[in-house]
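# Survey of secondary and tertiary structure
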Amino acid sequence: MMSEHSPTRTEPDRVHRTLEALRMIVTVWRPYYGRLGFGLLLSALALLSGFALMWNAGASVSALALGAGTSFGLLRVFGGARIVLRYAERLFAHDAMFRALAALRVWFFRRLAQGAAAGLGFRRAGDLLNRLVGDVELLDNLYLRIAVPFLAALISLPVLVIVAGLADWRLGLALGGLFLAAACLLPLLSALRSSGLSHTVLHAESALRVAALDLATGLREARAFSGELRLAGRIIEDETRLHEAQLQRNRAMAVSGALSYLCGQTALVILLLAMAGLGGLNLPLLSGVGLVFLTGTVFEGVSALARTGVLAGQVGLAARRITETSGERMDESGEGQCRPPETGDIVFNDVTFRWAAPDPVPGEDMVEGADRMAIARPPVLDRLDLTIHAGDHVALIGPSGVGKSSLAALLLKVAQPESGEISFGGHDIRTLDTAQLRGRIGWLSQTTHLFADTIRNNLTLGRGNIAEDRLWDVLEQAEIAEVVQELPDGLDSWVGEGGTRLSGGQGRRIALARTLLLDAPVMLLDEPATGLDSATERAFLHTLNRVMRGRTVILIAHRLTGAEKLDRAWRLEAGRTVPLPL
Amino acid sequence: MSAVDKKLVRNWVRQQSGPAKRAALPAVLLACVGTILAIGQAWCLAAIIDRVARDRAAPSLSPIGIFAVLSLFRAGCMIVQEQAAARAGIRARARLRRSVLDSVIGIGPALLRRQHSGEIAALLVDRIEVLDGYFARWLPASMSWVLLPCLSLAAIFWFNPRAALILAVCGALVPVAQAVFGIGAALASRNQFLAMVRLQSRFLDRIRGIATIVLANADGREAEALSRAADELRRRTMKILRVAFLSSAAIDIAMVVAIILIVLTQGHFLHRHETSGISVHATPDFTATLFALLLVPEFFAPLRGLALAYQDRAHAAGAAEAMHALEHGGDEGIVDGAGMAEAIGPVTVEGDAISYRWREDLPFVFEALDFTVAPGDILVVDGASGAGKSTLIELLLGFIHPVSGRILFNGRDTRAMRGREIARYLAWIGQRPVLFAGTLRENLLFARPDADDEALDAAVRAAAIDSFLPLLPKGLDTEIGEGGFGLSGGQAQRVAIARAFLKDAPLLLLDEPTAHLDPDTERDIIESLACLAEGRTVVLSSHSPAMRALGTQTLSLSHGAVTGGHP
């Protein structure tokens, strides 16, 4: 069911786009360059003191063995320095990384908000958004697990080459070459080799998720049709596939790690041979032992890099998805400056619209989820004409997928029509200021999100200048004030994730109160009561009737319950409106 | 976390670790082999250097050869060990997933009353996958962190008891220091825990609700709030990390102190020999000292590994709490009863003084319901919203059992039957049928996998699926469900009807099957349903007058009485 990974994009292109994405992310970090750099510096110093400690330990013991005198003071200095520097490095690097990540999150949020995100929200691509958040979290690895070890490698290389080269330049070359292989070549190779593996793992994971969701939502069907075993069997099948892919990736990591280890051991063997005077090399004992200790430490320092290479593929993919998804920008031609009138007729004139067929998950070759059918969509609105008079209560009815929500998206300027014109109070909405237009139109839908926050913050959405009375007033209108009053913390009660501490009906009423707080002359109700049980739905619609008096109301629903008070209604069919008798 | 929760977590962890520890055993054994090889390598190195130092002569090549061979073996051992650890993690996760699947299926549809389907799916996938670190890294590390250093220590003791003593003392101080700092970190984190969880989830939450934010013109304010929250999160996290890093610094300190002490004390040793006139070059202690020094990193490596894997352990706590919700009430596993395939004859359904309430402290939904539905009868369940129509259907489905009274299928009490056996008697069509990811054909055959093409065609015709089949790009083989071609509500309902036709069960339960359809579609669906109902025992609940017109008798839930004839 999932299409196999098909290499539709060439490898160099992918690498190029990954680098471009990484460059963009590093640019976001600009204000933190100082801190990030200081973290890197500390980590370098910690590393060097570690080298000095091991080298010194080896050299001291050998010196003693040779009967030469030596000072132990240095040893203590390096030891102490190493401990202190390691601790400081960890603190600083983590602090810097958290700051950089915070900046990245805010940047991502802003870009998403300015771009096509609202459209994504309309298309209920919740899963896609979840995945993007996961991607942002994956970027944690970029600094601590990739940048810091890579810098360590950059510093270790000259140290190793110079120390060995002082004894014999050929030795320096040999060790340097081996080190480059372990620190650069192997990670690069494993990154290239495993980028396909990362894809396989990702696909297997999403297949498993779909199978699990099928069982969870279909528990009733499963019992009624004795299909539990088959659904469970599919989960186990997908799980096996995922685990096989993980095992393969793990093998790639293990092999890379082992090869990197072998590079270090080869360097040691070369040192030993040199000490034995073989191959024309002649290594004095003292520097020989010091080098043995140093080499061990240096190669151990980069042993993680080879494994990280496997991870790099994933991080790169995440970076691509983040920069490219959040980069989808709205058509700027629709950005006007005019102030919209207080209220007025809403007219759709000859409007044609289709959802674009985007690559919803840039960087992935497979189109997944609800967006798969977005490809080559027919127009949802086809030369549609519709006039809604100011103050009227109207309804648009039709089965899901006929474009009712597209109408809402167009009116809110979340999407742009392919052709035709939409006007509000006689002004083409393209000429109107988007923020102010949205201030005129209150939007309430079943996808209206309740945030994991207090009721107060859910109502105000960050506006601090709203009087308490006004909040209670809208709660009263939404007929939820009593419930809120009875909560232990009143307005400051915490609404759980997705509003889970409230019942479905209560949550919808809080969302209604939030919409009422905007005091918009036009109300766009997109399936406002869907998903509630029928009794709650009825009660909620009655409340809506009461509070909507005196406003223009556009109700979008797949059916009428009879509880609505309407002036007009249309059925949406094949992209056009058909008047419905009331 | 409260004391009760902690106990729960501990119990769960203990229960999980038994088999998982057995699975991790190969990885631990291979780690032991690796350590032994490392000891051999260190010995070779020390011996070679010693020979160069003592004789000032070229060492023979054989120890170098042995060293190289040992290195090769060690590399191989590393690969196999990592694979073994990964396999252990996979086995443990697979086992856990099967047991969760068992519980989910055992509890069955009743689970959906308690938990959102998204949560259940997350429990089945993410909550288990995140435990990989626990099973593949933490368990082997926690099993070997004493054993492996002891191996190195024993080897060092054999050649260099003094150095072994120093290492033993330094090593023993690590857990002590870690315990002290670890407790500090735990204390710090407990105070911060709730605040941190809220801050962490804030980002995900705001991204999910981004449409709401943008349409309310709140994106600027929200971005600032997000930035403040991230800053707060950073400050709190750093507070914990400051203490937590001390515990890893403890390893650094112990290691550095051990190295310095070994060099210093063994240095004295050598000096004394020197002053007493014995040739330094002949002393065997140089080899022993080098050997000990070379093994110091090996000695501390398992401790470091444990510290690194420590965070993986925390995931177990989260999983334990989530899985705890499933502990109670799984009465049916994934065992399939034999003889489920044979057909069942007509059935008469009787309700005998059925009462139900959802919880002890809630009022009864209905009390002492009596009714009888014979084959060919259609019982319309009547009542206002919330009067318990859906509850009655769920009772008949066997998803829940009456608090008192009996439900009889052909005189047999359903309480004595297993859920799956009850399911054999009936077909059910709810408000919104679930379409599974897969082709339309697979979705239909879900009701009867062994149905032949003829039966499938008949069901497709009877449910009028053939009316929209030409619209689908690949006919019956079009992918529908999650991620597939979107079917409309009416089309989905037709799939449910076709499933019922295919199953051909004597009892048909209809729970507001047209609740979410527009009038035209409803008319068509009712036609198909009437055809399906023919000759079967039917119980139906609906608000739609057209739907109710099908009934032959009515059960009024508000009165608890059956009235005959058309409602």
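Residues numbered from 1 in each chain as written. Chains lettered and ligands numbered in written order. Predicted model: local features only at pLDDT ≥ 70, side-chain atom pairs only at ≥ 80, totals over all residues. Heavy atoms only, no water.

Naming follows an unreviewed UniProt entry, where chain B appears as Thiol reductant ABC exporter subunit CydD of Swaminathania salitolerans. Check the Subcellular location (unreviewed entry) section of the UniProt entry for chain B; it says "Cell membrane". (UniProt positions renumbered as here; feature names shortened; annotations may be inferred.)

As named in an unreviewed UniProt entry, chain A is Cysteine/glutathione ABC transporter ATP-binding protein/permease CydC, taken from Swaminathania salitolerans. As its UniProt record puts it under Subcellular location (unreviewed entry), chain A is described as follows: "Cell membrane".

What chain A contains, in helices and strands, is 18 helices and 12 strands. In chain A, of all internal contacts separated by at least 6 residues, the share reaching a separation of at least 24 is 81%. Accessible surface for chain A amounts to roughly 22,500 Å². Of this, 58% is attributable to carbon and sulfur atoms. (Helix = DSSP H or I, 4+ residues; strand = E, 2+ residues; numbered from the N terminus. Contact = heavy atoms within 4.5 Å. Areas by Shrake-Rupley, 256 points an atom, 1.4 Å probe, with all protein chains shown as cover.)

Time to look at the pairing of strand S4 (residues 404-409) of chain B. All names here are of chain B. As judged from the 5 bridges shared by strand S1 (residues 349-356) and S4, these two strands associate in the antiparallel manner. In the strand pairing of S4, valine 349 is matched with phenylalanine 409. The pairing of S4 with strand S5 (residues 412-413) spans 2 bridges and is classified as antiparallel. Residue pairing across strands places phenylalanine 409 opposite arginine 412, the latter belonging to S5. Connecting S4 to the antiparallel partner S5 that follows it, the hairpin turn spans 2 residues, and asparagine 410 within it adopts a positive phi of roughly 50 degrees. (Pairing = 2+ DSSP bridges.)

This part is about the packing of aromatic side chains. What describes a pair of aromatic rings is the distance from one ring centre to the other and the angle between the planes of the rings. Inspection of every chain in the model, using the stated rule, returns 11 aromatic pairs over all chains. On the numbers, 5.4 Å between centres and 85 degrees between planes, the contact of Trp43(B) with Phe291(B) is edge-to-face. Highlighted residues: Trp43(B) in helix H1 (residues 3-55) and Phe291(B) in helix H11 (residues 285-327), separated in sequence by 248 residues. Note on Trp43(B): relative accessible area 31%, which makes it partly exposed. The exposure class of Phe291(B) is buried, given its relative accessible area of 0%. Directly above the aromatic system of Phe446(B) lies the positively charged group of Arg230(A), at a separation of 5.1 Å from the ring centroid. (Phe/Tyr/Trp six-rings, centres within 6.5 Å; stacked < 30°, edge-to-face > 60°. Buried < 20%, exposed > 50% of the residue type's maximum accessible area, 1.4 Å probe, protein only. Lys NZ or Arg CZ within 6 Å of the ring centre and 35° of its normal.)

Quick look at helix H17 (residues 519-533) of chain B now. The terminal C-alpha atoms of H17(B), which comprises 15 residues, lie 20 Å apart, in line with the 21 Å expected from a rise of 1.5 Å per residue. Turning to H17(B), its buried residues number three or more, namely Thr521(B), Glu522(B), Ile525(B), Ile526(B), Ser528(B), Leu529(B), Leu532(B) and Ala533(B). (Expected span 1.5 Å × (residues − 1).)

Okay, the sheet that holds strand S10 (residues 552-557) of chain A next. Residues and elements named next belong to chain A. Across the sheet, which stays open at both edges, the 6 strands sit in the order S6-S9-S10-S3-S11-S12 with mixed pairing between neighbours. Edge positions in the sheet fall to strand S6 (441-445) and strand S12 (576-579), since each has one partner strand and no second. Between one strand axis and the next, the sheet turns through 20 degrees on average, direction left out of account. Pairing of strand S3 (residues 393-397) with strand S11 (residues 568-573), which is carried by 4 bridges, proceeds in the parallel orientation. Within S11, the residue paired with valine 394 across the bridge is arginine 568. Contacts from helix H12 (residues 404-411) reach S3, S6, strand S9 (522-526), S10 and S11 within the one sheet, and its direction differs from that of S10 by about 145 degrees. (Axes fitted to C-alpha atoms, helices over the stretch in contact; angles between N-to-C directions.)

Below, the discussion takes up the UniProt feature "transmembrane region" (unreviewed entry) in chain B. Taking the UniProt record as the reference, the feature "transmembrane region" (unreviewed entry) is found at residues 24-49, 61-80, 138-159, 165-188, 243-266 and 286-303 of chain B. From the first C-alpha to the last, residues 61-80 of chain B spans 29 Å; its make-up is 100% helix and 0% strand.

Attention now moves to the pattern of salt bridges. Applying the stated rule across the entire model yields 37 salt bridges over all chains. Here Asp231(B) makes a salt bridge to Arg234(B), at a shortest N to O gap of 3.0 Å. In this pair, Asp231(B) and Arg234(B) are both assigned in helix H10 (residues 219-275), 3 residues apart and thus about one turn of the helix distant. Given the relative accessible area of 28%, Asp231(B) is considered partly exposed. Residue Glu421(B) is joined to Arg412(B) by a salt bridge in which the shortest nitrogen-to-oxygen separation is 3.0 Å. Given a relative accessible area of 19%, Glu421(B) falls into the buried group. Residues joined in a network through salt bridges with shared partners are Arg35(A), Asp95(A), Arg99(A), Asp231(B), Glu232(B), Arg234(B), Arg235(B) and Arg236(B). (Salt bridge = Lys/Arg side-chain N within 4 Å of Asp/Glu carboxyl O.)

A few words now on the confidence of the model for chain B. Looking at chain B as a whole, its pLDDT mean stands at 79, while 81% of the residues score no less than 70. Low pLDDT (under 50) marks residues 332-341 of chain B, which in the prediction has 21 contacts with non-local residues, meaning those over four places away or in another chain. (pLDDT = per-residue confidence, 0-100.)

This part is about the pairing of strand S4 (residues 419-424) of chain A. Residue and element names in this part refer to chain A. Summarising the sheet, strand S1 (residues 346-353) and S4 pair through 5 bridges and their orientation is antiparallel. Bridging from a neighbouring strand, threonine 352 pairs with serine 419 of S4. As paired elements, S4 and strand S5 (residues 427-428) share 2 bridges and run antiparallel to each other. Paired with phenylalanine 424 across the strands is histidine 427, a residue of S5. Hairpin remark: S4 followed by S5, antiparallel, with 2 residues in the connecting loop; positive phi at glycine 425, about 60 degrees.

Residues and elements named next belong to chain A. A cluster of nonpolar side chains, contributed by Phe38, Leu41, Leu45, Leu48 and Phe92, occupies part of the molecular surface with about 390 Å² of accessible area. The leading source of residues in the nonpolar patch is helix H2 (residues 33-66), at 4 residues. Its place among the elements puts phenylalanine 92 in helix H3 (residues 73-114). Here phenylalanine 92 falls in the partly exposed class, since its relative accessible area comes to 34%. (Patch = residues over 30% accessible without salt bridge, like charges linked within 9 Å, V, L, I, M, F, W, Y side chains within 5 Å.)

Phi at Ser226(A) takes a positive value of approximately 50 degrees, unusual for a residue other than glycine. A relative accessible area of 28% means that Ser226(A) is categorised as partly exposed. One non-glycine residue, Glu512(B), adopts positive backbone phi at about 45 degrees. Topologically, Glu512(B) is positioned in the loop between strand S9 (507-511) and H17.

Let's shift gears to the side chain of Ser355(B). Residue and element names in this part refer to chain B. Its location among the elements puts serine 355 in strand S1. Judged by its relative accessible area of 7%, serine 355 is buried. Within the structure, the side chain of serine 355 is placed 3.0 Å from the backbone nitrogen of alanine 368, a separation counted as a polar contact. When residues no more than four places from it in sequence are discounted, the contact partners of serine 355 are Phe364, Phe366, Glu367, Ala368, Pro402, Val403 and Ser404. (Polar contact = N/O pair within 3.5 Å; in protein donor to acceptor, adjacent residues only side chain to side chain.)

With that out of the way, let us pick up the nonpolar core. Residue and element names in this part refer to chain B. Membership of the largest hydrophobic core comes to 117 residues, with the highest contact counts inside it found for Leu444 and Ile465. With 8 residues, the single largest contributor to this core is helix H16 (residues 489-503). Once residues within four sequence positions are removed from consideration, isoleucine 465 is found in contact with Leu440, Leu444, Val460, Arg494, Val495 and Ala498. Judged by nonpolar contacts, the second largest core, of 83 residues, contains Val52, Ile156, Val174 and Ile262. (Core = buried A, V, L, I, M, F, W, Y, C linked by side-chain atoms within 4.5 Å.)

With 128 residues of chain A in contact, the opposing surface of chain B contributes 138 residues. For the pairing of chain A and chain B, the buried interface totals around 12,300 Å² over both sides, and the portion due to carbon and sulfur atoms is 70%. On the chain A side of the interface with chain B, the three residues burying the most area are Phe109(A), Arg223(A) and Phe225(A), jointly 7% of the side's total. Among the ionic pairs, Arg86(A) bridges to Asp252(B), the shortest N-O distance being 4.0 Å. The interface formed by chain A and chain B contains 18 residue pairs in polar contact (both at pLDDT 80 or more). Counting residues per element, the side of chain A that touches chain B draws most heavily on helix H9 (residues 228-275) of chain A, at 28 residues. (Buried area = accessible area lost by both parts, 1.4 Å probe.)

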